[in-house]
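Reading the structure
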Amino acid sequence: MLSLARRKAVLEMAVRHQTLIVEDDPYGDLYFGQTADDRPPPSLLAMSPLVPGSRELLAHCGSLSKVLSPGLRVGWMIAPAELLAKATMCKQFSDAHTSTFAQATAAQYLKAGRMPGTLAHVRRVYAERAQVMCDALRRELGDAIEFVQPQGGLFVWARLTGAGGKVSDGAVFAKSAIDKGVAFVPGAPFYCAHPDHATLRLSFATVGVEKIVEGVGRLGSAL
Ligand SMILES: Cc1ncc(COP(=O)(O)O)c(C=O)c1O
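So, here's what we can say about the structure.

Here the focus is the pairing of strand β2 (residues 58-63). Among the six residues in β2, six count as buried, and that is most of the element. Pairing between strand β1 (residues 21-24) and β2: four bridges, direction parallel. Directly across from Asp-24, in β2, lies its bridge partner Cys-61. Sheet topology note: the β2/strand β3 (residues 75-78) ladder contains four bridges and is antiparallel. Following the sheet pairing, Cys-61 is matched in β3 by Met-77.

In a regular helix each residue adds 1.5 Å, so 14 residues correspond to 20 Å; helix α7 (residues 209-222) covers 20 Å between its end C-alpha atoms and thus fits that length. Within α7 the residues assigned to the buried category are Ile-212, Gly-215, Val-216, Leu-219, Gly-220 and Ala-222. In an axial view of α7, the angular spread of the buried residues amounts to 160°, which keeps them on one side of the axis. Along α7, exposed side chains directed more than 90 degrees from the buried face belong to Glu-210 and Lys-211.

Tracing the sequence through the fold places Ser-54 in the loop between α2 (44-47) and β2. Assessed through its relative accessible area of 1%, Ser-54 is described here as buried. When sequence neighbours within four positions are dropped, the list of residues in contact with Ser-54 reads Leu-11, Val-15 and Ser-48.

This part covers a nonpolar patch on the surface. Where nonpolar side chains cluster on the molecular surface, the patch consists of Trp-157, Val-185 and Phe-190 and spans about 270 Å² of accessible area. In this fold, Phe-190 is placed in the loop between β6 (185-186) and β7 (199-203).

To continue, consider the nonpolar core. Judged by nonpolar contacts, the single largest core of 40 residues is most densely connected at Leu-137, Val-156, Phe-173, Leu-202 and Leu-219. Put simply, the parts of the chain that give this core at least two residues each are α4 (100-111), α5 (115-141), β4 (145-147), β5 (155-160), α6 (170-179), β7 and α7. In terms of residues, this core owes the most to one element, α5, which gives eleven residues. Among all residues touching Leu-137, those that are not within four sequence positions of it are Gly-142, Ile-145, Phe-147, Val-156, Leu-202, Val-216 and Leu-219. Core analysis: the next-biggest nonpolar cluster, separate from the first, contains eight residues, Ala-14, Ile-21, Leu-45 and Met-47 among them.

Glancing now at the site of the ligand. All residues in the neighbourhood of the ligand are listed as Asp-24, Pro-26, Tyr-27, Ser-63, Ser-65, Lys-66 and Arg-73. One of the side-chain nitrogen or oxygen atoms of Ser-65 is found 2.6 Å away from an oxygen atom of the ligand. In isolation the ligand has 400 Å² of accessible area, and contact with the protein removes 58% of it. For the shell around the ligand, a count of residues per class yields two nonpolar, two polar and three charged.

Turning to the packing of aromatic side chains, a few remarks are in order. Taken as a whole, this structure holds five aromatic pairs when the rule is applied. A centroid spacing of 6.4 Å and a plane angle of 55° characterise the contact between Phe-32 and Phe-204, whose relative ring orientation is tilted. In this pair, Phe-32 sits in the loop between β1 and α2 while Phe-204 sits in the loop between β7 and α7, placing the two residues 172 residues apart along the sequence. Under the relative-accessibility criterion, Phe-204 is labelled buried at 0%. Clustering of aromatic rings is evident, with ring pairs tying together Trp-157, Phe-190 and Tyr-191.

What counts and what doesn't
Residues numbered from 1 in each chain as written. Predicted model: local features only at pLDDT ≥ 70, side-chain atom pairs only at ≥ 80, totals over all residues. Heavy atoms only, no water. Buried < 20%, exposed > 50% of the residue type's maximum accessible area, 1.4 Å probe, protein only. Helix = DSSP H or I, 4+ residues; strand = E, 2+ residues; numbered from the N terminus. Pairing = 2+ DSSP bridges. Expected span 1.5 Å × (residues − 1). Arc of directions from axis to C-beta. Contact = heavy atoms within 4.5 Å. Patch = residues over 30% accessible without salt bridge, like charges linked within 9 Å, V, L, I, M, F, W, Y side chains within 5 Å. Areas by Shrake-Rupley, 256 points an atom, 1.4 Å probe, with all protein chains shown as cover. Salt bridge = Lys/Arg side-chain N within 4 Å of Asp/Glu carboxyl O. Core = buried A, V, L, I, M, F, W, Y, C linked by side-chain atoms within 4.5 Å. Near = heavy atom within 4 Å. Polar contact = N/O pair within 3.5 Å; in protein donor to acceptor, adjacent residues only side chain to side chain. Nonpolar A, V, L, I, M, F, W, Y, C, P; charged D, E, K, R; others polar. Phe/Tyr/Trp six-rings, centres within 6.5 Å; stacked < 30°, edge-to-face > 60°.

Dropping the structure here:
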């Protein structure tokens, strides 16, 4: 997670080099911290007033997919007017527009004031799942894996260490995991250059804690 200082530095760099920044932020509201101290720093969008000229160089994208329902397919972009007009045209060319029924449903939901309660609920549920997954990974995979315990979001980003001669390639491990009936996404495709082939992205989004424990147990037997 980018620190407050680095977020500010990113905005300053955008202004210095007159470069557009896209802040792809569908997970920003999905933090697990309960107090102001252990919550993530504000978004670049929220911080942009601190850096004059940065707001005109920032496109901020959000989504209801991770906090309300992926099936709605409703998201948003906050961007300078000129860019927004071009993005709107691209969207029209690609799919005419996001379903008006889905947009109206989302608008009604937000207007009814239910989002804060939903956010509190999903933060609690995912925090528990993250904790259960991390505990199980430590127990079942030991020093064969390293990771930083997530403070939000839907995934554990992990790295195979190869300790004790165990598998150290995420794609190879993914195949043996599938043989044991559990799937994850190897990390390499997430890099734009110089991939680390030992990385993995493990999701705790969809299943409950019992299945998470079972899935990690299967990962342990696939090592
Ligand atoms: C970083 C990131 N940005 C954007 C999206 C897209 O979200 P949506 O479901 O709104 O298309 C995802 C979905 O997985 C994501 O992980």
